[in-house]
Amino acid sequence: MTFFTMISMPPKTRGLEGIIAGASAIGEVDPRNERLIYRGYDVRDLAQQASYEEVAYLLIFGRLPTQAELAAFTASLVTARPLDLAVLDLLRRMAPTVHPMDRLRTAVSWLGAHDPEVSDNSHEANASKATRLIAQIPSLVAAGYRLSQGQPPIPPRSELSHAENFLFMMTGRPPDTLASRVFNTSLILYAEHGFNASTFAARVTVSTLSDLHAAVTSAIGALKGALHGGANEGAIQMLLEIGEPSRVDGWLRDALAQKKRIMGFGHRIYKRGDTRVPIMKPLVRELAEQLGGSALKLRETAERVETIMRQTKNILSNVDFPTGLAYYLLGLPLPVYTPIFAAARMAGWGAHIIEQMDDNRLIRPESQYTGPHNLPYIPLTKR
Ligand code: COA
């Protein structure tokens, strides 16, 4: 290799690790200072003091709302919550065995095909389409799950907050204060996370001048995978399989010997711990203490898994680990965990799609060809 080719080659990286793929003023994942910032605000302050609605407004519109702006935004969300009969029918016609993320992806695609503003990529149209999807995705998740179980969907209630209304649409009961606080916090923590795989997929899609619903459909496809959104469900499946705290050491030893990935552990960017974990963990503790009995045992099992992973592999838990456990303690069924992540991340996806479209350039990286050259073509009849 000559000196020229050495210096002109792009840096080698697997999975774009360490590559800055664009600029964004939406969120900063800052592991060195152990901070996560949304539009200048520390996520710890938002998670402790704000509602999901306020954070969604902040992400989509770029600043915190006034009381009047929040009231108007909340009213738009409430108006968009009920699903029309045609989309309910679409959900009803899907087999109960359809993966919940496939159900959600298909329904969002359907909503796009029927959205009056689908091909309007102006800033204002994208903000209103994103607002509608922030309201519609929780309704799709709850109705889709209930229909897959042979139960009728529960219509939304306008006096409930975004977090409370989702729990209500799942169970038919308005949640208590602790459940609503835990769920609201989890939605805030899931709302935005820089150029993660699903957000990047959304930006790539819309950079071709496609449309917001198409970008969200791509994002849902990316989030489905076990290495991204699927980990919250995977984490609780593992905890249920382990069961007793006394079984943790042996179970993990075997799993790690078989080179299994432990769901809810590790992160591409956070190597000294995920900023969101210490925000979620005390809430899980409070929930487990309120429930007592088997909830306390499951929490103990989870804490033992964290200890062993730290001691043997020096790998720490990520947000999916305490969040998966919180959802389980809230009584939510496993198949909705990743769709809930999508519902929360819709605010971040919307913000990134708008930012991309406001200053668009097609996202089109290069690849390094590693295949052969100069192969002589052999006609089909001679092969
Ligand atoms: N369980 C077991 N080992 C893990 C691990 C996990 N959850 N996460 C990372 N490792 C190990 C890898 O096996 C690898 O070890 P090796 O060098 O001996 O092969 C090393 O740590 C580096 O892993 P790598 O896959 O290169 O890191 P990454 O930055 O590509 O991966 C994740 C990041 C998130 C994909 C990875 O940590 C993972 O698969 N976690 C489980 C899924 C998950 O919780 N996803 C949610 C993320 S918020």
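Just so it is clear, the model here is predicted, and its values are computed rather than measured. (Residues numbered from 1 in each chain as written. Predicted model: local features only at pLDDT ≥ 70, side-chain atom pairs only at ≥ 80, totals over all residues. Heavy atoms only, no water.)

K.L.:
Is there a simple way to explain the side chain of Arg103 in this structure?
P.N.:
With respect to the element layout, Arg103 can be found in helix α6 (residues 100-113). Buried charge Arg103 goes without a salt bridge, the closest partner of opposite sign being Asp102 at 8.9 Å. Polar contacts involving the side chain of Arg103 include one to the main-chain carbonyl oxygen of Val98, which spans 3.1 Å. Setting aside chain neighbours within four positions, we find Arg103 in contact with Leu91, Met94, Ala95, Pro96, Val98, Gly144, Tyr145 and Ser148. (Helix = DSSP H or I, 4+ residues; strand = E, 2+ residues; numbered from the N terminus. Buried < 20%, exposed > 50% of the residue type's maximum accessible area, 1.4 Å probe, protein only. Lys, Arg positive; Asp, Glu negative; His and termini not counted. Salt bridge = Lys/Arg side-chain N within 4 Å of Asp/Glu carboxyl O. Polar contact = N/O pair within 3.5 Å; in protein donor to acceptor, adjacent residues only side chain to side chain. Contact = heavy atoms within 4.5 Å.)

K.L.:
Would you mind showing me how to read helix α17 (residues 337-358) here?
P.N.:
Every α-helical turn comprises 3.6 residues, leaving residues that sit three or four positions apart pointing alike. An ideal rise of 1.5 Å per residue puts 32 Å on 22 residues; α17 measures up with 32 Å between its terminal C-alpha atoms. At Arg345, α17 shows its largest kink, close to 45°. Counting buried positions along α17 gives 21 out of 22 residues, so the element sits mostly inside the fold. (Expected span 1.5 Å × (residues − 1). Bend = angle between axes of the 7 residues up to and from the residue.)

K.L.:
How should I be thinking about the packing of aromatic side chains in this particular structure?
P.N.:
Aromatic rings considered in pairs are described by the distance between their centres and by the relative angle of their planes. Under the definition given, this model contains nine aromatic pairs. Between Phe183 and Tyr327, the ring centres sit 5.6 Å apart and the planes meet at 55°, which makes this aromatic pair tilted. Of this pair, Phe183 sits in helix α9 (residues 177-190) while Tyr327 is found in helix α16 (residues 320-329), placing the two residues 144 residues apart along the sequence. Tyr327 sits in the buried class, given a relative accessible area of 0%. Each ring, one from Phe195 and one from Phe200, has its centre 5.8 Å from the other, and the planes form 35°; the classification is tilted. Every member of this aromatic cluster is reached through a ring pair, and the members are Phe166, Phe183, Tyr327 and Tyr337. Here Arg157 stacks its cationic end above the ring of Phe168, 4.7 Å away from the centre of that ring. (Phe/Tyr/Trp six-rings, centres within 6.5 Å; stacked < 30°, edge-to-face > 60°. Lys NZ or Arg CZ within 6 Å of the ring centre and 35° of its normal.)

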